[in-house]
Amino acid sequence: PDDVIVTNGGVSGIFSALGSMVDPGDEVLIPDPSWPNYLQMTRLLGATPVYYPLHLEHDLVPTVDDIAARITDRTKVLLLNSPGNPSGAIIPEQRLREILELASAHDLWIISDEVYNRLYFDGDAAPSMLQCPEL
């Protein structure tokens, strides 16, 4: 119970989490394309949005190289969204582990928006960051 915060929805939950992690001028890595609210929340907090691309040739799944190329000393948060909105793309577990290792190496906070996790038809749920507790 000490580790649970209840919010009145996903937007306020993500905004509250993001607000506790960034200061004005900090950078937030956001997938592109993505849900527009990520950009608005980042700007409202005075942080700088930095987009990492989701390429069709990679099935709109982020690559470690695309994320790594955008990390600077001002980067504080990596925002992940799987299944993605609007794409529906799912980050496979092995890629998720690689991304989490990158974030750990750069001491980045991660916000993993998995609101559509159960809308997955190849098993019980899409791979989740919670499957990687060691990271």
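Check the entry above for the structure.
Below you will find a few notes about this structure. (Residues numbered from 1 in each chain as written. Predicted model: local features only at pLDDT ≥ 70, side-chain atom pairs only at ≥ 80, totals over all residues. Heavy atoms only, no water.)

1. Notes on empty space enclosed by the protein
The full count for this structure, using the stated rule, is two cavities of 30 Å³ or more. Within this model, the largest cavity holds a volume of roughly 110 Å³. The wall of the largest cavity is formed by 16 residues, among which Leu 54, Leu 60, Pro 62, Asn 81 and Gly 84 lie closest to the centre. Its boundaries defined by the atoms lining it, the second largest cavity holds a volume of some 40 Å³. Class assignment for the residues of the lining of the second largest cavity results in five nonpolar, four polar and one charged. (1 Å grid on protein atoms, 1.4 Å probe; cavity = no way out; pocket = protein on both sides within 12 Å on 5 of 7 lines; lining within 4 Å. Points joined across faces, edges and corners; volume = space filled by probe spheres on them. Nonpolar A, V, L, I, M, F, W, Y, C, P; charged D, E, K, R; others polar.)

2. Remarks on the side chain of Thr 42
With respect to the helices and strands, the residue Thr 42 is situated in helix α2 (residues 36-44). In this structure Thr 42 touches Leu 18, Val 28, Ile 30, Ala 47, Thr 48 and Pro 49, once residues within four positions along its chain are discounted. (Helix = DSSP H or I, 4+ residues; strand = E, 2+ residues; numbered from the N terminus. Contact = heavy atoms within 4.5 Å.)

3. Some remarks on the sheet that holds strand β1 (residues 27-32)
Where strands meet in a sheet, backbone hydrogen bonds hold them as pairs that are either parallel or antiparallel. Taken in spatial order, the four strands line up as β2-β1-β3-β4 in an open sheet, and their pairing is parallel. What marks the edges here is a single partner per strand, and that holds for β2 (48-53) and β4 (109-113). Along the sheet, successive strands turn relative to each other by an average axial angle of 25°, direction set aside. With six bridges joining them, β1 and β2 adopt parallel strand pairing. When the sheet's bridge partners are listed, Ile 30 is paired in β2 with Tyr 51. Contacting β1, β2, β3 (75-81) and β4, α2 runs over the sheet at an angle of about 150° to β2. (Pairing = 2+ DSSP bridges. Axes fitted to C-alpha atoms, helices over the stretch in contact; angles between N-to-C directions.)

Functional significance is not addressed by these values, which are geometric in nature.
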